[in-house]
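# A look at the structure
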Amino acid sequence: MSNTLVEYLKQLRKEKNITAEELGNMIGYSQSHISGVENGLKNLNGNLLTKYIKALSNDDIEKAEIENAIKNNYEYDISSVKNADFFNNDKTISLNDITGYEFFIDGEQLSNREMKLILTLIRGYRQI
């Protein structure tokens, strides 16, 4: 068991071979923000924690396991946190819808390959 909650989250992220930059892109934070949280330089709030858990979970079962580990080992009940707005369900998006537009993360334009990866990650998370 890791000593702190943020050490546990960092360990979990690394076990899944996800970089801080990839995680940040998945949940709408910069790589420097994720690194800052994991290194104790920035605070971890409930909304970020909820997004972090959802991004690192392959399914609802694993999400519940992570939440229980946090509750049991770090005495933090994630169920008391209001659900984070992780996905916007207002519009169905396909790669065809976003091709031709310019999207930027941390000042760098995303390639079509990167956009396809993001959509693939989201679909995998949702198990579509």
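Residues numbered from 1 in each chain as written. Predicted model: local features only at pLDDT ≥ 70, side-chain atom pairs only at ≥ 80, totals over all residues. Heavy atoms only, no water.

Our next topic: the overall build of the protein. Secondary structure assignment for the protein yields seven helices and two strands. Ordering the α and β elements of the protein from the N terminus gives α-α-α-α-α-α-β-β-α. Across the 128 residues of the protein, 33% fall into the buried class. Of the contacts formed within the protein by residues at least 6 apart in sequence, a portion of 60% connects residues at least 24 apart. Element-wise, carbon and sulfur atoms account for 45% of the exposed surface of the protein, whose accessible area totals about 8,600 Å². (Helix = DSSP H or I, 4+ residues; strand = E, 2+ residues; numbered from the N terminus. Buried < 20%, exposed > 50% of the residue type's maximum accessible area, 1.4 Å probe, protein only. Contact = heavy atoms within 4.5 Å. Areas by Shrake-Rupley, 256 points an atom, 1.4 Å probe, with all protein chains shown as cover.)

This part covers the packing of helix α1 (residues 5-15) against helix α4 (residues 46-56). Two numbers describe how α1 lies on α4: the axes approach to 11 Å, and their chain directions differ by 25 degrees. Considering their axes alone, α1 and α4 lie roughly parallel with respect to each other. You can see that α1 and α4 cross each other, and the crossing is left-handed. Along its contact with α1, which presents L5, L9, K10, L12 and R13, the element α4 presents L49, Y52 and L56. Of the residues that constitute the contact of α1 with α4, the class distribution is six nonpolar, no polar and two charged. (Axes fitted to C-alpha atoms, helices over the stretch in contact; angles between N-to-C directions. Parallel < 35°, antiparallel > 145°, perpendicular 65-115°, else oblique. Left-handed = near helix turned anticlockwise from the far one by under 90°. Nonpolar A, V, L, I, M, F, W, Y, C, P; charged D, E, K, R; others polar.)

Another aspect to go through is the packing of aromatic side chains. Applying the stated rule across the entire model yields one aromatic pair. Centroid distance Y8 to Y74: 5.7 Å. Interplanar angle 35 degrees. Geometry classified as tilted. Of this pair, Y8 sits in helix α1 while Y74 sits in helix α5 (residues 60-74), and the two are 66 residues apart along the sequence. Among the residues examined, Y8 registers a relative accessible area of 16% and is labelled buried. (Phe/Tyr/Trp six-rings, centres within 6.5 Å; stacked < 30°, edge-to-face > 60°.)

No statement about biological role is implied by the geometric values presented.
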